[in-house]
Each structure stands twice: as C-alpha cells, then as structure tokens.
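Chains, contacts and geometry: an overview
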Amino acid sequence: MKIDHIGIAVKSLAEATQVYEHALGLKVSGYDEIEDQGVRIAMLNIGESRIELLEPTGAESPIEKFMSKRGEGIHHIALDVDDIENALERLKAAGVRLVDSAPRRGAHNTRTAFIHPSSTHGVLLELVQHGE
Ligand code: ZN
C-alpha cells in the first residue's frame, strides 16, 4: 500500500492552484468533474503521490457541507489498493463502517470507496484502485 493522494477542500480551484503551482512549484496533471459527488478536481503530482484539490460545484456538494462546518483544509487521505472489492470485503468482515459498500467511479479512470471516519479515528479514508 501507499498513499495515493491527499484530498484538500478548497473554495476556489483557480485560487488554490495559484498557490500550489506558482508558489510551491507543483504541476496540475489534470482536471476532472464528478457530477454525482458535486466536485471539481485538480490533481497535482508530488513524488509518487498526489495532492487532490476539491472545489464544490453547488450547495449540496459534500465538499461544501464539509467546509461549512470545518472550513478549507484536509478532507481525506486516499490509499492505493490492488483489489478494491477484496479490500472492502476485509473491512466489512472486520466490522469497519463504510460510506460506500461498493466501489464507485473516481477521477481519472479509478474506482474508489470511502471508509467512515467514525471507524478510522476521525480520518476520512478513501480506497483507490487504478484502471489498466
Ligand atoms: Zn480523493
């Protein structure tokens, strides 16, 4: 396993990428929008891992709800897995509370599932399996 990316909730991708690209010197590797999660994404490569900037697309976006309670900041940590179904089965068998009991479409040809922070000591974890 490795850390695939760290998700950061931001009000504005345009403003956030200014800092992360121009001040920190990272490069945006791609943009994506996931309609059913109400989010626009900018991915920035950093070594073998990435930073995922998340901008809400509307008031119903989970990212908007997160920011209304806690402001901008780290939203989740994503772990790279080889077999997401197998990982979810193991977690279910261990009694871990899941947000997603089955994988859903993530950014850039990935499948993802979230683990509820009540089971992971306050951290929202995302499992990510990359496509071929
Ligand atoms: Zn993510």
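Below is a summary of the structure that appears in this document. (Residues numbered from 1 in each chain as written. Predicted model: local features only at pLDDT ≥ 70, side-chain atom pairs only at ≥ 80, totals over all residues. Heavy atoms only, no water.)

1. Focus on the pattern of salt bridges
If you walk through the whole model with that rule in mind, you get seven salt bridges. In this structure, Lys-92 and Glu-89 form a salt bridge, with 3.4 Å as the shortest nitrogen-oxygen distance. Of the two residues, Lys-92 and Glu-89 are both situated in helix α3 (residues 84-93); the distance of three residues between them amounts to about one turn of the helix. The exposure class assigned to Glu-89 is partly exposed, which follows from its relative accessible area of 47%. Residue Asp-100 pairs with Arg-104 through a salt bridge whose shortest N-O separation is 3.3 Å. With relative accessibility at 10%, the residue Asp-100 sits in the buried group. Several salt bridges share partner residues, and in doing so they unite Glu-33, Arg-40 and Glu-55 into one network. (Salt bridge = Lys/Arg side-chain N within 4 Å of Asp/Glu carboxyl O. Helix = DSSP H or I, 4+ residues; strand = E, 2+ residues; numbered from the N terminus. Buried < 20%, exposed > 50% of the residue type's maximum accessible area, 1.4 Å probe, protein only.)

2. Looking at the coordination of the zinc ion
The coordination sphere of the zinc ion, as far as protein atoms go, consists of His-5 (NE2), Glu-52 (OE), His-76 (NE2) and Glu-126 (OE), spread over 2.0 to 2.2 Å. Its four donor atoms give the zinc ion angles of 85 to 171° at the centre, a pattern that matches the irregular case. (Donors = N, O, S within 2.8 Å, 3.2 Å for Na, K, Ca; no water. Tetrahedral: all angles 85-135°; square planar, octahedral: opposite > 155°, others 65-115°.)

3. Thoughts on α3
Looking only at α3, the buried set comprises Ile-84, Ala-87 and Leu-88. Along α3, the residues classed as buried sweep out an arc of 100° about the axis, all on the same side. Among the exposed residues of α3, those oriented more than 90 degrees off its buried face are Arg-90 and Ala-93. In this structure, the buried residues of α3 make contact with β7 (110-115) and β8 (125-130). Two or three places before Glu-85, at the opening of α3, Asp-83 has a side-chain oxygen 3.3 Å from that residue's backbone nitrogen. Once α3 ends, the next one or two residues include Gly-95, with phi positive near 80°. (Arc of directions from axis to C-beta. Contact = heavy atoms within 4.5 Å. Polar contact = N/O pair within 3.5 Å; in protein donor to acceptor, adjacent residues only side chain to side chain.)

4. Here's the deal with the environment of His-75
Within the element layout of this structure, His-75 appears in strand β5 (residues 73-80). Each residue touching His-75, except ones within four places of it in the same chain, is listed here: Gly-7, Ile-8, Ala-9, Leu-54, Ile-63, Phe-66 and Leu-124. At 2.8 Å, the side chain of His-75 forms a polar contact with the side chain of His-76.

5. So, the nonpolar core
Core analysis: the largest hydrophobic core is formed by 11 residues, namely Ile-8, Val-10, Leu-13, Ala-16, Tyr-20, Leu-26, Val-28, Ala-42, Leu-44, Ile-51 and Leu-53. Counting residues per element, the ones that place at least two in this core are α1 (13-23), β3 (39-46) and β4 (49-56). Looking at this core element by element, the count peaks at three residues for α1. Once residues within four sequence positions are removed from consideration, Val-28 is found in contact with Thr-17, Glu-21, Ala-42, Met-43 and Leu-44. (Core = buried A, V, L, I, M, F, W, Y, C linked by side-chain atoms within 4.5 Å.)

6. Focus on unusual backbone geometry
Here the phi dihedral of His-121 falls at roughly 60°; this positive angle occurs in a residue that is not glycine. The exposure class assigned to His-121 is exposed, which follows from its relative accessible area of 80%.

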